[in-house]
Amino acid sequence: MKKKGTDKSLLAKPFSYRDLVQYQEGSIVSRTVIDQEVGTVTVFAFDEGQSLSEHTAPFDALIEVVEGAGVITIEGTEHGVKAGEQIIMPADKPHAVIASERFKMVLVMIRAKPL
């Protein structure tokens, strides 16, 4: 079982999301930076054409694209995103990700219900 927590190798020093994961042909590579009960931060590198199929999550999730470009589909509406842009995927709404070219993104999920 994977241990929860913060990636200790990254504590108290500057880093770049781009450098945390490398592209792998025909694959999606991910690295979890923070994995806590209250939320996660995960960096992904998608090879061109790779995708995450449509699914839902019980919490809002923020994506920040740090390199390249992709398409985020939320409730059937496609949103092209590129480096420097962000998009919020609402809780309980179907969403999917596809790499229109190689791209890297950060997924931030805060596990909290609205007040």
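Residues numbered from 1 in each chain as written. Predicted model: local features only at pLDDT ≥ 70, side-chain atom pairs only at ≥ 80, totals over all residues. Heavy atoms only, no water.

Enquirer: I'm lost on the overall build of the protein in this one. Help?
Expert: Check the secondary structure of the protein and you find 1 helix and 9 strands. Along the chain direction, N to C, the helices and strands of the protein fall in the order β-α-β-β-β-β-β-β-β-β. Taking 2.2 N^0.38 as the reference for a compact globule, 115 residues should give roughly 13 Å; the C-alpha atoms of the protein span a radius of gyration of 14 Å, in line with that estimate. Within the protein, the proportion of its 115 residues that are buried is 36%. A separation threshold of at least 6 residues defines the contact pool for the protein, and within that pool the share at least 24 residues apart is 64%. Summed over all atoms, the accessible surface of the protein reaches about 7,000 Å², with 53% contributed by carbon and sulfur. One way to put it: in the protein the 13 positive side-chain charges average out to a point 9 Å from where the 16 negative ones average out. (Helix = DSSP H or I, 4+ residues; strand = E, 2+ residues; numbered from the N terminus. Rg over C-alpha atoms; globule rule 2.2 N^0.38 Å. Buried < 20%, exposed > 50% of the residue type's maximum accessible area, 1.4 Å probe, protein only. Contact = heavy atoms within 4.5 Å. Areas by Shrake-Rupley, 256 points an atom, 1.4 Å probe, with all protein chains shown as cover. Lys, Arg positive; Asp, Glu negative; His and termini not counted. Charge placed at Lys NZ, Arg CZ, Asp CG, Glu CD.)

Enquirer: Even after reading the chapter, I still don't get the side chain of T42, so can you show me in this structure?
Expert: Here T42 is to be found in strand β3 (residues 39-46). Its relative accessible area of 10% is what places T42 among the buried residues. Apart from residues no more than four positions distant in its own chain, T42 is found in contact with S30, R31, T32, M105, V106 and L107.

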